[in-house]
Amino acid sequence: MPDGSGLLTVDLGAIAENWKALRDRHAGMGGGETGAAVKADAYGLGAAAVVPALAAAGCRHLFVAHLAEGMAIRPLLGQGQMIAVLNGFRPGEDEDAALTPVLNTPGDIAAWSGTGRDALLHIDTGMARLGLTPAETEALAGDPSPLRGLNLRLIMTHLAAADAPGHPLSAEQAARFAAARARLPAAPSSFANSSGLFLGPDYASALARPGCAIYGLNPTPGAPNPMRPVVRLAAPVLQVREIPAGTPVGYGATWVAERPSRIATVAAGYADGYLRALSGRATGRHNGQDLPLVGRVSMDLTTFDVTDHPGIAPGAMIELIGPGLSADDLAALAGTIGYEVLTSLGARYRRDYKQAA
Ligand SMILES: *Cc1c(COP(=O)(O)O)cnc(C)c1O
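Bear in mind that the values here come from a model prediction, so they are computed numbers and not experimental data.

Conventions adopted
Throughout, a residue's number is its position along its own chain's written sequence, starting from 1. With the structure being a predicted model, the display of local features is reserved for residues of pLDDT at least 70 and the display and counting of side-chain atom pairs for 80 or more, all residues being used for whole-chain, interface and lining totals. Remark: hydrogens and water are excluded; side-chain values derive from all non-hydrogen atoms of the structure. Secondary structure is summarised from DSSP: a helix means a run of H or I of at least four residues, a strand means a run of E of at least two, and numbering begins at the N terminus for each. Any residue under 20% of the maximum accessible area for its type is buried, any over 50% is exposed, and the rest in between are partly exposed; the area is computed with a 1.4 Å probe on protein chains only. Contacts were defined at the residue level, with two residues in contact if any of their heavy atoms lie within 4.5 Å. Here the accessible surface of atoms and residues is derived via Shrake-Rupley with a 1.4 Å probe, and residues count as covered only by protein chains that are part of the display. The convention is simple: Lys and Arg are positive, Asp and Glu are negative, and His and the chain ends are not counted. To locate a charge, the coordinates of NZ of Lys, CZ of Arg, CG of Asp or CD of Glu are taken. Put simply, the grid is 1 Å and covers the protein atoms alone, a cavity is a trapped set of points that fit a 1.4 Å probe, a pocket is an open set with protein on both sides within 12 Å along at least five of seven lines, and lining residues have an atom within 4 Å of a point. Grid points are joined across faces, edges and corners, and a volume is the space filled by probe spheres set on the points. Amino acid classes used here: Ala, Val, Leu, Ile, Met, Phe, Trp, Tyr, Cys and Pro are nonpolar; Asp, Glu, Lys and Arg are charged; the rest, including Gly, are polar. Whether two aromatic rings pair depends on their centres lying within 6.5 Å, for rings of Phe, Tyr and Trp, where Trp uses its six-membered ring; planes under 30 degrees apart make the pair stacked, over 60 edge-to-face, and the rest tilted. For a lysine, the NZ atom is tested; for an arginine, the CZ atom; a charge sits over a ring if that atom is within 6 Å of the ring centre and within 35 degrees of the ring normal. We treat two strands as partners when DSSP finds at least two bridges between them. Working definition: residue near molecule or strand if any one of its non-hydrogen atoms lies within 4 Å of it. Two N or O atoms count as a polar contact when they lie within 3.5 Å, although within protein this holds only if one can serve as hydrogen donor and the other as acceptor, and sequence-adjacent residues are included solely when both atoms are side-chain atoms.

Participant: Outline the overall build of the protein chain, supporting the account with residue identities and numerical values.
Facilitator: Across its full length, the protein chain holds 9 helices and 19 strands. On the principal axes, the C-alpha backbone points of the protein chain span a range of 75 × 40 × 35 Å. Scored against the burial criterion, the 357 residues of the protein chain give a buried share of 51%. Sequence-distant contacts in the protein chain: of pairs separated by 6 or more residues, those separated by 24 or more amount to 63%. Summing over all exposed atoms, the protein chain offers an accessible surface of approximately 15,100 Å²; the carbon and sulfur share of this is 54%. Distance from the positive charge centre (28 side chains) to the negative charge centre (32 side chains) of the protein chain: 2 Å.

And the structure:
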């Protein structure tokens, strides 16, 4: 019997291969370098393991969201590797970690002006989320003096609808980005996220910023996933019980056995990121066979109908994420996206990192 917790397996070799495939793809469409988004603990997979694997594969530009995330990964990298903080931070807050701020507002630019530091400038071209507004970009183009005394490494923008090929907003963003860069002081560009790398040469830039595809999520929803799977998740059966027809299972009695049934109770629940919205919808796997999830997912436990699988006993591992049962598949069943499934993966799993060969 295992120690009672689930097992999350992360294939660092697949992460490295996925990153290299994206790098080669970007170069093939006329782009320059390719970095990696490792925010939110490398999309929930563990930045402490993922960042060294990416660095070993040749990745020299990392993107985090928070200052603290950047501080945490700096010791894993050489000073030659750029760690850009998408949400920005104030001068001095990075101490001697030499993080690179992303400047999102005129106030950010003013704060860093004259510091002599490297910085990225983020302009909004159609997302209305973060970055200089069109009016602020226009004002900066008219008077670029606030950029004096800092080293503008890149001008970046972020695609809002890259995962929907043919969405008119992507082409509009490409056009607005090119027009804004032509009016701003010269600097290399940073444009495509994962899905943007599948939209064609108009989305090439000096530095691409893929995230999800590195971790095996499908950057081309609706088409087959070109990336290698990275994550497997399995959790142990704690109990198996025989119930007569008519017996309800779980909170709310939402599922009632129609026949004499065997129910396996597994040690993973919504507190582990096995989303409650999967209740009554998902399947688990054992020896390649599908097991219907029955009743509600609860905080620590989930129940599966194993009536047709007499070999399943306490201690058996039920696969929750794996080949043919991807994080994207679970997300579709739960009405969300694979990003949310990965970043929700809980802290209670044992984690097994398969090193790159
Ligand atoms: C998260 C993020 C990325 C990576 O996006 P993916 O869709 O995961 O490839 C790139 N750029 C910015 C600004 C981001 O916030």
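Back to the text.
Participant: Break down empty space enclosed by the protein for me, with residues and values.
Facilitator: Once rolled over the atoms, a probe with the size of a water molecule shows which space is left empty. Evaluation of the coordinates by the stated rule reveals 1 cavity of 30 Å³ or more. The volume enclosed by the largest cavity comes to roughly 30 Å³. His122, Asp124, Met127, Arg129, Leu130 and His158 together form the lining of the largest cavity. Looking at side-chain class alone, the lining of the largest cavity contains 2 nonpolar, 2 polar and 2 charged residues.

Participant: Would you mind going over the packing of aromatic side chains in detail, with residue names and values included?
Facilitator: This model, assessed by the stated rule, comprises 5 aromatic pairs. Ring geometry for Phe177 versus Phe191: centroids 5.1 Å apart, planes at 50 degrees, classification tilted. Residue Phe177 is found in helix H7 (residues 168-183), and its partner Phe191 is found in the loop between strand S9 (189-190) and strand S10 (207-208); the two are separated by 14 residues along the sequence. Of the residues examined, Phe191 reaches a relative accessible area of 2% and is grouped as buried. An aromatic cluster is built from Tyr43, Tyr215 and Tyr339, whose rings are joined through pairwise contacts. The ring of Phe177 has Arg181 lying over it, and the distance from NZ or CZ to the ring centre is 5.9 Å.

Participant: Which residues make up the pairing of strand S16 (residues 289-292), and what are the values?
Facilitator: In this sheet, S16 lies alongside strand S15 (residues 283-286) in antiparallel orientation, the contact comprising 4 bridges. Bridge pairing in S16 links Gly284 to Leu291. The loop that links S15 with its antiparallel partner S16 comprises 2 residues; one of these, Asn287, has a positive phi angle of about 50 degrees.

Participant: Before we move on, can you summarise the site of the ligand with the specific residues and values?
Facilitator: Looking at the ligand, there are 14 residues lining it, with Lys39, Tyr43, Ser194, Cys212 and Tyr339 nearest. Taking His158, its side chain carries an N or O atom lying 3.3 Å from a nitrogen atom of the ligand. Here an oxygen atom of the ligand sits 2.8 Å away from a polar atom, N or O, in the main chain of Gly211. Against a free-state accessible area of 390 Å², the protein chains account for coverage of 92% of the ligand. Split by residue class, the shell around the ligand holds 7 nonpolar, 4 polar and 3 charged.

Participant: Account for the environment of Arg90, naming residues and giving values.
Facilitator: Relative to the elements of secondary structure, Arg90 occurs in the loop between strand S5 (82-85) and strand S6 (100-103). Considering only alpha carbons, one finds Arg90 and Leu7, 83 residues apart in sequence, at a separation of 39 Å. Once residues within four sequence positions are removed from consideration, Arg90 is found in contact with Gly107, Asp108, Ala111 and Trp112. A polar contact is formed between the side chain of Arg90 and the side chain of Asp108, at a distance of 3.0 Å.

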